[in-house]
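Survey of secondary and tertiary structure
Residues per chain, in single letters:
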Amino acid sequence: MTQDELKQAVAQAAADYVAEHAPAGSVIGVGTGSTANFFIDALAPLKGRYRGAIASSEATRQRLEGHGIAVLDLNEVERIPVYVDGADEIDGGLNMIQGGGGALTREKIVAAVATTFVCIADGSKQVATLGKFPLPVEVIPMARAHVARELAKLGGRPMLREGFVTDNGNLILDVHDLAISNPKGLEAQINQIVGVVTNGLFAIRPADVLLLGTAAGVRRFG
């Protein structure tokens, strides 16, 4: 199977999971990226069952609305039963790196109000230790140089994502050369740096369920 076929398979599995676990009339959280896009496509036939969706980015909002799925403001919703998103990397503890698409802050906010966080990924995203994929850190523009110096002290090699501004009007530093043995601790440590909005480690609030696309089919963890 091609990578896109694997993504389509896990996206359909996620739509089936949502149909089983999200009550009719509820609101579904939807992430950002190529795998999440396949999920939106798979969710479209079910749109009449749900009140609408929460989008983690403007790109996701546009794709949802393109399918006729109502997009709500998160401030209108107290809890969402299921949030579905992809990952750039995920380990055996269901800790993740997200933010390759630059939507990490909004993704983390939506995950925080979800009862169940479902990660959908192809097998290439599963790793023993996080960090081969550069860790995205969203920063306030005036703090870029300060944050970069502090990240270097942690052993990483931060690089500005050139020509990119987040939906929140901020910058992204991608931190290379990290081997992340304590993702929860590092997530908290980076978030304490003044000028950091948040970072792409999802370990304090990891995934609850992983749907992993493999050549042998979709495997479920959690």
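Residues numbered from 1 in each chain as written. Predicted model: local features only at pLDDT ≥ 70, side-chain atom pairs only at ≥ 80, totals over all residues. Heavy atoms only, no water.

**Brief notes about the environment of Ala87**
When you line up the elements, Ala87 lands in the loop between strand 3 (80-85) and strand 4 (89-90). Judged by relative accessible area, Ala87 falls into the buried class, the value being 9%. A sequence separation of 32 residues divides Ala87 from Cys119, and the C-alpha atoms of the two residues are 6.7 Å apart. Ignoring anything within four residues of it in the chain, the contact list for Ala87 reads Met96, Ile97, Gln98, Cys119, Ile120 and Lys125. (Helix = DSSP H or I, 4+ residues; strand = E, 2+ residues; numbered from the N terminus. Buried < 20%, exposed > 50% of the residue type's maximum accessible area, 1.4 Å probe, protein only. Contact = heavy atoms within 4.5 Å.)

**Observations regarding the environment of Pro81**
Checked against the element boundaries, Pro81 lands in strand 3. Separated by 75 residues in sequence, Pro81 and Gly156 have C-alpha atoms that sit 36 Å apart. Those residues within four positions of Pro81 in sequence are excluded, and the remaining contacts are Ala22, Pro23, Ser26, Val27, Thr115 and Thr116.

**Remarks on the pattern of salt bridges**
Note that side chains of opposite charge can pair when their charged atoms are close. The full count for this structure, using the stated rule, is 10 salt bridges. One salt bridge connects Arg61 with Glu58, and the closest N-O pair in it is separated by 3.6 Å. Taken together, the positions of Arg61 and Glu58, both in helix 3 (residues 58-66) and three residues apart, correspond to about one turn of that helix. Glu187 is the salt-bridge partner of Lys108, the closest N and O atoms lying 3.0 Å from each other. Taken together, the positions of Lys108 in helix 4 (residues 104-112) and Glu187 in helix 6 (residues 183-191) put the pair 79 residues apart, joining distant regions of the chain. Where salt bridges share partners, they join Glu58, Arg61, Glu65 and Arg106 into one cluster. (Salt bridge = Lys/Arg side-chain N within 4 Å of Asp/Glu carboxyl O.)

So far we have only geometry, and geometry alone does not tell us how the molecule works.
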